[in-house]
Amino acid sequence: MPLAPLVHVHELREGGLVMKDDNVKVTAALVDHPPVVPAFAYRFDAADRSIVISGDTARSDNVVGLAQGADVLVHSALYVPAVDRLVARVPNAARLKQSIIAHQTSAEDAGRVAEAAGVKTLVLSHLVPADDPEVTEQMWTDAARAHFRGRVIVGKDLLVI
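Residues numbered from 1 in each chain as written. Predicted model: local features only at pLDDT ≥ 70, side-chain atom pairs only at ≥ 80, totals over all residues. Heavy atoms only, no water.

Enquirer: Outline the overall build of the protein, listing residues and values.
Expert: Of the regular secondary structure elements, the protein holds 5 helices and 7 strands. Sequence-ordered secondary structure for the protein, helices as α and strands as β, is β-β-β-β-α-β-α-α-α-β-α-β. Its C-alpha atoms give the protein a radius of gyration of 17 Å, within 12% of the compact-globule value 15 Å for 161 residues. If you line up the protein on its principal axes, its C-alpha atoms span 50 × 35 × 30 Å. In the protein, which comprises 161 residues, the proportion classed as buried is 40%. By sequence separation, contacts in the protein at least 24 residues apart represent 56% of the contacts at least 6 residues apart. Approximately 9400 Å² of the protein is accessible, and the part contributed by carbon and sulfur atoms is 56%. Placing the 16 positive and 20 negative side-chain charges of the protein at their respective mean positions leaves the two points 3 Å apart. (Helix = DSSP H or I, 4+ residues; strand = E, 2+ residues; numbered from the N terminus. Rg over C-alpha atoms; globule rule 2.2 N^0.38 Å. Buried < 20%, exposed > 50% of the residue type's maximum accessible area, 1.4 Å probe, protein only. Contact = heavy atoms within 4.5 Å. Areas by Shrake-Rupley, 256 points an atom, 1.4 Å probe, with all protein chains shown as cover. Lys, Arg positive; Asp, Glu negative; His and termini not counted. Charge placed at Lys NZ, Arg CZ, Asp CG, Glu CD.)

This is the structure we're talking about:
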């Protein structure tokens, strides 16, 4: 069966309402992740819950606004103390480190965003670095909890919450 009749493209250039039906309302907000422009965070509101996904972004006040009062915020996170080990693997380490720090949100800042938005649960996702054996789940959690009083979950593939 061809997909074309089933797919209705709706390209976004700015934040706002994406779609709404009887079951869900989807809203977007612009986030900062150059060179990807535009980049978005999304909020999904259903009758019984609300979930916000930050997308891949530097710390963003737009995410704070979008996530106000949400049940769950899924936020990309960077563990800054491990960046030097991550970039040590490549020849342009200094430039890559600068780019990573400028275009990602630290786990501490993800906690700050969650606290400012008043969300109940923060899920750290798109972890950078994802494969550093010296960074434990507890380290990720402690970094976010430094500024967030709610529940913190470290995201894993196929995690269901």
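Further notes follow.
Enquirer: Pulling in residues and values, what's your account of the pattern of salt bridges?
Expert: When the charged atoms of two side chains lie near each other, side chains of opposite charge can form a pair. Scanning the entire structure with this criterion turns up 11 salt bridges. In this structure, D45 and R43 form a salt bridge, with 2.9 Å as the shortest nitrogen-oxygen distance. Since its relative accessible area comes to 22%, D45 is described here as partly exposed. The buried category is assigned to R43, whose relative accessible area is 12%. Among the ionic pairs, E137 bridges to K156, the shortest N-O distance being 2.5 Å. Of the two residues, E137 sits in helix α5 (residues 137-145) while K156 sits in the segment after β7 (151-154), which places them 19 residues apart along the sequence. Note on E137: relative accessible area 43%, which makes it partly exposed. Connected through salt bridges with shared partners, the residues R85, D132 and E134 form a single ionic network. (Salt bridge = Lys/Arg side-chain N within 4 Å of Asp/Glu carboxyl O.)

Enquirer: I'd like a description of the side chain of D132, backed by residues and values.
Expert: Tracing the backbone through its elements, the reader meets D132 in the loop between β6 (121-128) and α5. Of the residues examined, D132 reaches a relative accessible area of 8% and is grouped as buried. Here the side chain of D132 touches R85 through a polar contact of 2.8 Å, side chain to side chain. Not counting chain neighbours up to four residues away, the residues in contact with D132 comprise A82 and R85. (Polar contact = N/O pair within 3.5 Å; in protein donor to acceptor, adjacent residues only side chain to side chain.)

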